[in-house]
Amino acid sequence: MLSRTAENIYWLARYVERAENIARLLDVALRMSAVPQESSDGTNEWHSAIVASGCEDHFYEAHERAGAQEVIHYLTRDRENPSSIISCFAAARSNARTVRTALSTSAWEAINSTWLEMAELDDKDFSPEHLRKFLDWVKERSLLFGGAVASTMMHRDGYWFNRIGALIERADSTARILDVKYHVLLPEYETIGGTIDFYQWATILRSVSALRAYHWVYRDRVKPWLVAELLILKPEMPRSLAYCYHELTQNLDHLANAYGGARGECHRQAGKTDAFLRYGKIDHIFEQGLHEFLTGFIEDTDALGLEITNQYLT
Amino acid sequence: MPSEMKTACFDEMGPANECREQYRLIRDWLENAPEGTLEIKHREAEFIFRRTGITFAVYTSGGDPERLIPFDIIPRILDNSEWDYLSSGLTQRVRALNAFIGDVYGKQEFIRAGKIPAELVLLNPGFVSEMVGLPVAAGAYMHISGIDIVRVGPKEFYVLEDNCRTPSGVSYMLENREVMTRLFPDLVNKARIKPVSHYPEDLLETLRSVAPLNCRGAPEVVLLTPGIFNSAYYEHSFLADEMGIELVEGADLVVQDLMVYMRTTRGLKRVDVIYRRIDDPYLDPLVFLPDSSLGVPGLMAAYHAGNVTIANAPGAGIADDKAVYTYVPEMIRFFLGEEPILHNVPTWKCGTPSDLSYVLEHLHELVVKDVHGSGGYGMLVGPHASKAELAEFAVKLRASPQTYIAQPTLALSTCPTFVDSGVAPRHVDLRPFILMGREIRLAPGGLTRVAMREGSLVVNSSQGGGTKDTWILEGTG
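These notes cover the structure that comes with them.

What counts, and at which threshold
Residues numbered from 1 in each chain as written. Chains lettered and ligands numbered in written order. Predicted model: local features only at pLDDT ≥ 70, side-chain atom pairs only at ≥ 80, totals over all residues. Heavy atoms only, no water. Helix = DSSP H or I, 4+ residues; strand = E, 2+ residues; numbered from the N terminus. Rg over C-alpha atoms; globule rule 2.2 N^0.38 Å. Buried < 20%, exposed > 50% of the residue type's maximum accessible area, 1.4 Å probe, protein only. Areas by Shrake-Rupley, 256 points an atom, 1.4 Å probe, with all protein chains shown as cover. Lys, Arg positive; Asp, Glu negative; His and termini not counted. Charge placed at Lys NZ, Arg CZ, Asp CG, Glu CD. Salt bridge = Lys/Arg side-chain N within 4 Å of Asp/Glu carboxyl O. Polar contact = N/O pair within 3.5 Å; in protein donor to acceptor, adjacent residues only side chain to side chain. Contact = heavy atoms within 4.5 Å. Arc of directions from axis to C-beta. Disulfide = S-S within 2.5 Å. Pairing = 2+ DSSP bridges. Axes fitted to C-alpha atoms, helices over the stretch in contact; angles between N-to-C directions. 1 Å grid on protein atoms, 1.4 Å probe; cavity = no way out; pocket = protein on both sides within 12 Å on 5 of 7 lines; lining within 4 Å. Points joined across faces, edges and corners; volume = space filled by probe spheres on them. Nonpolar A, V, L, I, M, F, W, Y, C, P; charged D, E, K, R; others polar. Domains from an automatic or database assignment.

What about the overall build of chain B?
No. 1: Per the secondary structure count, chain B includes 14 helices and 23 strands.
No. 2: Its C-alpha radius of gyration of 23 Å places chain B within 12% of the 23 Å reference for a compact globule of 477 residues.
No. 3: Seen along its three principal axes, the alpha-carbon backbone of chain B occupies a region of about 70 × 55 × 45 Å.
No. 4: Within the span of chain B, comprising 477 residues, buried residues form 60% of the whole.
No. 5: On chain B, roughly 19600 Å² of surface is accessible, and the fraction owed to carbon and sulfur atoms is 52%.
No. 6: Distance from the positive charge centre (45 side chains) to the negative charge centre (61 side chains) of chain B: 2 Å.

What to know about the side chain of B:Asp11
All names here are of chain B.
No. 1: Inspection of the secondary structure puts Asp-11 in the loop between helix H1 (2-8) and helix H2 (24-32).
No. 2: Of the side chains bearing the opposite charge, Arg-20 lies closest to the buried Asp-11, which forms no salt bridge; the N-O distance is 7.5 Å.
No. 3: Side-chain polar atoms of Asp-11 contact the side chain of Thr-414, separated by 2.6 Å.
No. 4: Those residues in contact with Asp-11 that sit more than four places away from it in its chain are Arg-20, Thr-414, Cys-415, Pro-416 and Pro-425.

With respect to helix H12 (residues 328-336) of chain B
All names here are of chain B.
No. 1: The complete set of buried residues in H12 reads Val-328, Pro-329, Met-331 and Ile-332. For H12, the angular spread of the buried residues around the axis is 155°, confining them to a single face.
No. 2: Next to the buried residues of H12 lie helix H4 (80-104), helix H5 (109-112), strand S5 (156-163) and strand S13 (343-344).
No. 3: Backbone geometry just downstream of H12 places Gly-337 in the positive-phi region, at approximately 65°.

Structural notes on the state of the cysteines
All names here are of chain B.
No. 1: Scanning the entire structure with this criterion turns up zero disulfides over all chains.
No. 2: Not engaged in a disulfide, the cysteine Cys-19 finds its nearest cysteine sulfur in Cys-415; these two sulfurs lie 11 Å apart.
No. 3: With relative accessibility at 12%, the residue Cys-19 sits in the buried group.

Topic: the sheet that holds strand S6 (residues 221-224) of chain B
All names here are of chain B.
No. 1: The sheet built from four strands is open, its strands ordered S7-S6-S11-S12 with parallel pairing. Taken across any chain shown, the strands that pair with only one partner, and hence form the sheet edges, are strand S7 (246-248) and strand S12 (309-311). With direction set aside, neighbouring strand axes in the sheet form an average angle of 30°.
No. 2: Running over the sheet, helix H10 (residues 233-243) touches S6, S7 and strand S11 (273-276) and is turned about 150° from S7.

Digging into the layout of surface pockets
No. 1: One number sums up the size of the second largest pocket: a volume of about 820 Å³.
No. 2: Lining the second largest pocket are 36 residues, with A:Met1, A:Thr101, A:Ala102, A:Arg156 and B:Glu246 positioned closest to its centre.
No. 3: If you list the elements that add at least two residues to the lining of the second largest pocket, you get helix H1 (3-33) and helix H8 (157-180) of chain A together with helix H9 (199-209), H10, S7 and strand S9 (259-264) of chain B.
No. 4: Here the lining of the second largest pocket takes four residues from H8(A), the largest share from any one element.
No. 5: Here the lining of the second largest pocket is built from residues that sort into 19 nonpolar, eight polar and nine charged.
No. 6: Counting contributing residues per domain, the lining of the second largest pocket is built from domain 1 (1-153) and domain 2 (155-314) of chain A, each supplying no fewer than three.

Dropping the structure here:
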């Protein structure tokens, strides 16, 4: 496969995954903004959404404060924001168009019809009362693409690059969501917390579609350190860091095996993080410092992305 | 004038109260289709094209940058005997054109015999001096060509122009059939149409058959595209996909030790045959345009070393120059010793003083073309031009007469076409595609282009023309 083709597939998957993650963040912010509350550090859910999206610096260059209207506009349809949902879908489609021949017809049509439907959207579709419908549509389109890829593409290098792109993006996103709220996840926080905290924890779980999963795994009321454990170390939770790295190493192995067994720095780095997540314990992460762990994880994942690029995509 | 033409020109289906044999099935269907069916089918077709992303980018003006080429659901139909005639004429023409290119870059006997002015060939922008004396695999230069044919009567076909560089449109030929089969499975089945779907396989075999001598093992073929912003990008990706070959851009290729490689996820991989869809001047910045980023530095050196085949060969464009066109009948006689089966449209070369004065006098009834233009850009259709436009064009003509040729305004045949006002006759042409490797192959049919505006003779997609599926019927006639 051409390196350029692999690179396009990788980024295509990242953009689609990013659009879905942004939709989840907004969904949660909408939900939380309906709950009357004042958080301890004087920020609000809209600010958190901006931070978790990884766009904090860029957003505050152009905006003084994170009000509902500004954030919704910025994260859904602002063309100036390369990570807005509209920008992500446009970039995904442009990547897909370049590598059409490497995609199945269904995967291409999932992306292309998303782009075509996007052109039909108007101001009304982004208004507060219609926003949820739009966000559901975004999630649906992402799931449709993922489904089309999984069930119609040949499970060989193109497919693996697609998965690797999606997983890198997802690992980064889950880590950022956790990092924004890390202070409410610390074990000692439970004693200081009040009723508001249930919403805080539920927010985190909801933003990765894991509220139900939590109850199935723990059969217990929501405890902050268990929330952290679920999203960091539980391999059965499809948005957890452990899951992402488990699948990442598998896909990187598939590539290495298909390409005659050659492994590189990206395999070493992915394997190292995977081993830590697989055999690590949440107590150790708390001892190390949750925030420090998450910051390090985000940096490592970024570095892994670069190594994958060096090995295969240039 | 347009109204006169309407009565004068040949209709593919037949005059109002008659129906030519090959159109009987379609006419019956058109007459019996319930009210509104055509509109529904038309919309369905548009939806399919849009969803699969079959679009065409147009270089000028704003609007939708990814426009659909209008597709007309009423097919253009030729019977078996008409096609036999066309295909023998096309095969003959392609053999002669290819022999001419070989001669231009070889012994130059055609020039030395005084059959064509030397300066018309040697000073032509389509002439590539790097090709002189260079042998090519199987002697083939124009591996893929598209020859535009117009019809003015039941048995009168003319060659309008030859396209020997990188003709496009074959993807529409294939997709149009695909869409028709989806929309009208019964009709397509009943009509017994010669299939075209094997074209990509024929194309790949043709390209493989001209692999360089130095190629060991199965030849690796790639399609070189200028990229996503090219108007025919859809076609490039479609063909690469159908053939199962890599669609590469210049930056994906690299020349090392006079060999061409592509950059892959496994490292560098040898390339033997390049089906290029970029023009000669962009192929290699070390030899042609130095600031072109579309091509591959060192490609021509690898080509000269016999390590790669470029299809079509650089310099093949010398054969489709509109001024060289007038010499094609003579090429057929000279190289093949045969009389031309398909005729040229009578053409005045404005570079010749007597021709120029005739053209200036009759400008209002002629079509005048820039010899180096393509896609209908820079062309004057006399009968449809205003006084001011005619005067303006006359000035351009006098300033550089040698860059223009003129032809009579032909009464192009019409074919029933679904338009806003219902079903009405519209002018059509035909571009069949001819493959030449170690043998010559034709896909039965080609791309029928249709001028969607009433009376218009300009069928180019860049000028709002549309396409139709072209049916060659099995066994009748």
